[in-house]
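# Inside the fold
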Amino acid sequence: MLKTTILSSIIAAAAIMPADAQTPKLGVDPIEKVINAMTLDEKLDMLIGTDGNVKSDASATIGSSAVLVPGAAGQLNGIPRLGIPATVVADGPAGLRISPTREGTQKTFYCTHFPIETVMSSTWNTELVRSIGAAMGDEVKHYGVDVLLAPATNIHRNPLNGRNFEYYSEDPLLSGKICAAMVNGVQSNGVGTSLKHFALNNQETNRTSNNVIGTPRTFREIYLKPFEIVVKEAQPWTIMTSYNKINGTMASERCDLVTEILRHEWGFKGMVMTDWYGGQHATMQMEAGNDLLMPGKLAQREELRKAVLNGHLSMEIIDRNVKHVLEYIVKTPRFKKYVADNNPDLKAHAQVTRNAALEGMVLLKNLKNTLPLSKKVSNMAVFGRTSYDFIAGGTGSGDVNHAYVVSLIEGLQNAGFNIDNSVKAAYEKYIPEATEAMPKPDPSNQFAKFLPKHLIPEMSVSGLDLKSIAKSNDVAIITIGKTSGEFADRYISDNFNLTDAEKNMINDVCTAFHKAGKKVVVILNICGVIETASWISGPDAVLTAWLPGQEGGNSVADIITGKESPSGRLPMTWPVSYDDVPSKADFPYPDEISDDQLLEALKGFSDVRTEGSRKNFDYTEYNDGIYVGYRYYATKGVAVSYPFGYGLSYTTFKYGTPDVSKDAKGNIKVSVEVKNSGKVAGKEVVQVYVAAPGKDLDKPARELKGFAKTKKLNPGESQTVEIDIPYESLASFNETASCWQVESGDYTVMVANNVNDAKPLTAVISEEGKVTETVRPCLLPEQK
């Protein structure tokens, strides 16, 4: 017994004491030698964020736990004696999020508020998105941050998801390609990204405990595919695991997800970190391959230390994960001794965001060429609360501390229009009064400030003399505003649907202006899909501006004046009604979930994970399978308001006959000439869909397999566009054999301007079927 006790003491001492008296240095000596020189506590420093040295503070869930860069989301520990610096990570998806002011200086540290991810995907322009990422990454580096905690590439499974604005599309190919471009752009500056939320974080309601239940095929073909594309095409420095469970196990604790799929199948070479306070069992996270626990908790440190010393967690696992962290650190600006100057070119980046926003705007309706506005238009009556308080982006970690936001009013004035003062004065009086009357968050509840803000009700226009206003103005502009954010999903009643006040405003303004022979334009300053069928017949033109960043008002003005022709296309389907959404029965019904219930779920955010039987709260079944978005609507023949890929232009385009060929490996190449057959310059999005034979496995009617955006074509100018469709991209996942397989038969290749194009240019290609990859069974249904 004494010998056993002595032996245990020796093992513990070896784990705690340095292995080598001669201290190695990171970057000078091999990483393995540096790891061997670490004490156990130093290794834990590498695996747990800086908050792991103190008791947990759940208020850091939307970040301010870094010291080196105030307002950054988190910080990794350094070990100076081994030449390991502390590094900094910060939000977020639409621009860097740090504190705009600091103690001891009058200097400001504002960041550019770029357009939201939905705008990026609406551009369908990977080159443009890469340039936006480059500008964003430039600010990350100038402000001394090592990793941007973005982008996110979860799927738009349901239009009510509160964070859809942070995600790209309902389609995995479009999501993956646009996201890969963003990652490559950011990382071109020598700073890192954190691809998130891996995986299946598709609802905000009870996101820290919700159990996603589905099949391997559904997961792999729809929800994991964009992550796979980004890993293979961009190699993000880090990946962030999601909060939710997948078939009964926390995502960050699933070895089959984090190690088998991510590293072994896809070849990921970076570091994996948790979302803030994500997961439940630190030991299981380490074993799964989740290298870094953020922002760190003292309880995690204690758990891991005991697990190692008691023989429950092997030192090999610890060393493997530390190695991944150190491999990340040696790439960072801080390790390379870059000194931040805190002086990015915000003026140049403002122009970048202005141009990016206008290319992602989608023209839904343009009756009798209402837009661009005639040069005779001078006087405008501008309605809608968000015309005067434009929404640049969403809330939560996706927000940005910007220096300014150009409102629609300011953008229109900058373009030379005269704004009706009587309407303007009414809103300038109403907005502060209505804001003051709104319920205030409970200051005693530390989580209340994190919930998405509720917008003030729309002002009634019944008190305005609309007849006189219509007579004295050339056109009416109406803005409809909707926002969303973390921790809550969108209400149907007043976020997906327009309120009665909003519909009445549109109706009353349209009636007055149409009687006067004047036109009405609606601008949608929105976070995502909304219902349009009940009101779209009223206005003459409708432009979807999304949440376009800090230069939004100028970008809208550039479009409606014809400075640029709209070239955005929808990255998701707009259904006629929420009742038509395929996942409606398998998604939370936010209108029935109060803020108090959401706050109650957040109380144990950093420590407690709940179990329960409440459908779509404690668990969510993905019964829609692979039939997400247009895959459902097109296959089932369900009418929609606006299909995936839809968008109007001020010009027209004519397509030549596509040349569709196949090489010896089965790879398909599509070549088509696109000519601007209209009267103004513009860009066109070429979309290629493929219909599979569907004999061996159930398949959607058509799936996007490639796309490209032309350069700006002048009237009469042509461009030949080439789109490659790899043979492997035709494969579906066979759950029985756990393999990706392409079935034999005829594949219909369609060149179209949206998924519902009634007359696509088609060609048929015959393919020989084969298995393209066999993988280990992963993400299987939970065994109870």
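Residues numbered from 1 in each chain as written. Predicted model: local features only at pLDDT ≥ 70, side-chain atom pairs only at ≥ 80, totals over all residues. Heavy atoms only, no water.

The subject of this paragraph is the confidence of the model for the protein chain. The predicted model of the protein chain averages 94 in pLDDT, with 95% of residues at 70 or higher. This model gives residues 13–20 a pLDDT under 50, and the stretch forms 15 contacts once residues within four places in sequence are excluded. (pLDDT = per-residue confidence, 0-100. Contact = heavy atoms within 4.5 Å.)

Here we take up the packing of helix α3 (residues 40–47) against helix α12 (residues 315–329). Where α3 meets α12, the axes come as close as 9 Å, and the angle between the chain directions of the two elements is 55 degrees. The angle between the axes of α3 and α12 places the two elements in the oblique class. For the pair α3 and α12, the crossing hand works out as left-handed. Note on element contacts: α12 touches α3 through M315, I318, D319, N321, V322, V325, L326 and I329, opposite L40, K43, M46 and L47. Broken down by class, the residue content of the contact of α3 with α12 amounts to 9 nonpolar, 1 polar and 2 charged. (Axes fitted to C-alpha atoms, helices over the stretch in contact; angles between N-to-C directions. Helix = DSSP H or I, 4+ residues; strand = E, 2+ residues; numbered from the N terminus. Parallel < 35°, antiparallel > 145°, perpendicular 65-115°, else oblique. Left-handed = near helix turned anticlockwise from the far one by under 90°. Nonpolar A, V, L, I, M, F, W, Y, C, P; charged D, E, K, R; others polar.)

The subject of this paragraph is the sheet that holds strand β29 (residues 770–774). Read across the open sheet, the 3 strands follow the order β25-β26-β29; overall the sheet is antiparallel. The outermost strands of the open sheet, each flanked by one partner alone, are β25 (732–734) and β29. Sheet twist, expressed as the mean angle between neighbouring strand axes with direction ignored, is 35 degrees. Relative to β29, strand β26 (residues 739–742) is paired through 4 bridges, and the arrangement is antiparallel. Bridging across to β29, V742 finds its partner in K770. (Pairing = 2+ DSSP bridges.)

A separate point is helix α5 (residues 126–142). Taking 1.5 Å per residue as the helical rise, α5 with its 17 residues ought to reach 24 Å, and the 24 Å between its terminal C-alpha atoms agrees with that figure. Those residues of α5 lying buried are L128, V129, I132, G133, A135, M136, G137, E139, V140 and H142. Buried positions along α5 lie against α4 (117–123), β3 (147–148), α6 (172–187) and α13 (346–360). One side-chain oxygen of the residue at the start of α5 lies 3.2 Å from the amide nitrogen of E127, identifying that residue as N125. Where α5 ends, the next residue or the one after it, G144, has phi of about 80 degrees, a positive value. (Expected span 1.5 Å × (residues − 1). Buried < 20%, exposed > 50% of the residue type's maximum accessible area, 1.4 Å probe, protein only. Polar contact = N/O pair within 3.5 Å; in protein donor to acceptor, adjacent residues only side chain to side chain.)

A word on the nonpolar core. One finds I98, M380, F383, F513, L524, I560 and W574 to be the most contacted residues of the largest nonpolar core, which totals 159 residues. If one sorts the elements of this core by residue count, α6 sits on top with 9 residues. Counting residues in hydrophobic clusters, the runner-up holds 43 residues, among them M273, A282, L292 and A307. (Core = buried A, V, L, I, M, F, W, Y, C linked by side-chain atoms within 4.5 Å.)

It is worth spelling out the sheet that holds strand β14 (residues 519–525) at this point. In space, the 6 strands of this open sheet follow the order β10-β15-β14-β13-β11-β12, with mixed pairing throughout. With partners counted over all chains shown, the strands left at the sheet margins are β10 (362–366) and β12 (418–419), one partner each. When strand β11 (residues 379–383) meets strand β13 (residues 475–481), the two strands line up parallel, connected through 4 bridges. Bridge pairing in β13 links A381 to A476. Packed on one face of the sheet, helix α20 (residues 552–560) meets β11, β13, β14 and β15 (541–544) and runs near 140 degrees to β15.

All right, on to the pattern of salt bridges then. Here the structure, examined in full by the defined rule, presents 39 salt bridges. A salt bridge links R776 to E260; the shortest N-O distance between them is 3.4 Å. Of this pair, R776 sits in the segment after β29 while E260 sits in helix α9 (residues 255–265), and the two are 516 residues apart along the sequence. R776 sits in the exposed class, given a relative accessible area of 57%. A salt bridge links E722 to K669, with the nearest nitrogen and oxygen atoms 3.9 Å apart. Of this pair, E722 sits in strand β24 (residues 718–725) while K669 sits in strand β21 (residues 668–676), and the two are 53 residues apart along the sequence. (Salt bridge = Lys/Arg side-chain N within 4 Å of Asp/Glu carboxyl O.)

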